[in-house]
Amino acid sequence: TIQYRSNFEEEYSSAISSHIMRSGRHYANFKATQMASDEINIGIIRPLLKKNNRMDYDFHPVVTEDFITDYESDVDFTIRASHWGDGNVNCCTYFGDGACYWSSGEGEGRCKSGDREWSGNGAMGFDPCTIGLLLDLNAGTLTVYKNSRRLGVMKRGLTGEYCWMVTLLTECIISVERDVPPE
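Residues numbered from 1 in each chain as written. Predicted model: local features only at pLDDT ≥ 70, side-chain atom pairs only at ≥ 80, totals over all residues. Heavy atoms only, no water.

### Some words on the overall build of the chain
Helix and strand counts for the chain stand at two helices and 13 strands. Counting only residues that meet the buried cut, the chain has 50% of its 183 residues in that class. Across the chain, every contact between residues at least 6 apart in sequence was considered, and the portion connecting residues at least 24 apart equals 70%. As presented, the chain carries roughly 9000 Å² of accessible surface, and 43% of it is formed by carbon and sulfur atoms. (Helix = DSSP H or I, 4+ residues; strand = E, 2+ residues; numbered from the N terminus. Buried < 20%, exposed > 50% of the residue type's maximum accessible area, 1.4 Å probe, protein only. Contact = heavy atoms within 4.5 Å. Areas by Shrake-Rupley, 256 points an atom, 1.4 Å probe, with all protein chains shown as cover.)

### Quick look at unusual backbone geometry
Its identity is not glycine, yet N147 carries a phi of approximately 50°, on the positive side. Tracing the backbone shows N147 in the loop between β10 (141-146) and β11 (149-156). Judged by relative accessible area, N147 falls into the partly exposed class, the value being 45%. A positive phi angle is found at S148, which is not glycine, with a value near 70°. Within the fold, S148 resides in the loop between β10 and β11. For S148, a relative accessible area of 52% puts it in the exposed group.

### What about the nonpolar core?
Membership of the largest hydrophobic core comes to 31 residues, with the highest contact counts inside it found for I40, I44, L135, L142, W164 and I174. The leading source of residues in this core is strand β9 (residues 129-136), at four residues. Apart from the residues lying within four places of it in its own chain, the contact partners of L142 are I44, C92, L133, L134, L135, G152, V153, M154, K155, L158 and W164. (Core = buried A, V, L, I, M, F, W, Y, C linked by side-chain atoms within 4.5 Å.)

### Quick word on the pairing of strand β4 (residues 40-45)
Across the six residues that make up β4, a large majority, six, are buried. By the alternation rule, side chains of β4 split into I40, I42 and I44 and N41, G43 and I45, which are all buried. In this sheet, strand β12 (residues 163-168) lies alongside β4 in antiparallel orientation, the contact comprising six bridges. Of the residues in β12, the one forming a bridge with I44 is W164. Across five bridges, the pairing between β4 and strand β7 (residues 91-95) is antiparallel. From the neighbouring strand, I44 faces β7, where its bridge partner is C92. (Pairing = 2+ DSSP bridges.)

Limitation: the analysis is restricted to geometry and does not speak to function.
In structure tokens:
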């Protein structure tokens, strides 16, 4: 469970799972409660190796398209060539308004404006809900579910290793658990 509370403007909090997904199908439910708004990013990111066993307190790879340069003092990105495959999506999230934010980490992606054109785009809303994500590394897709109802495939062309991630830009509580995808 991740809880975030802040009294400051422009603050956020990120959490990255230590479980690395390398192949096959993986599903997780992200249950959001006590939400002040829908400013929540839920998605996947490449496994990151911290330098000096620390991470900058304001790590937010969804805000910047060039997060590899911005965070190179804290994170070792040298492992990417051998484990990340040939795809250019190094971070991909569902934002609470329904947009898909993604980044190559090297200046490519839709981090500033988000991609609202994916089939099934649907907002989280302000009421507590559960967002499910199905990462299918066999098909190279990330599919979004809201309260067990399939919204659609948000991103295609995913290859290599990923971990689940959450970035909160609002006060809320999110619990994350692996599960079986809805039928």
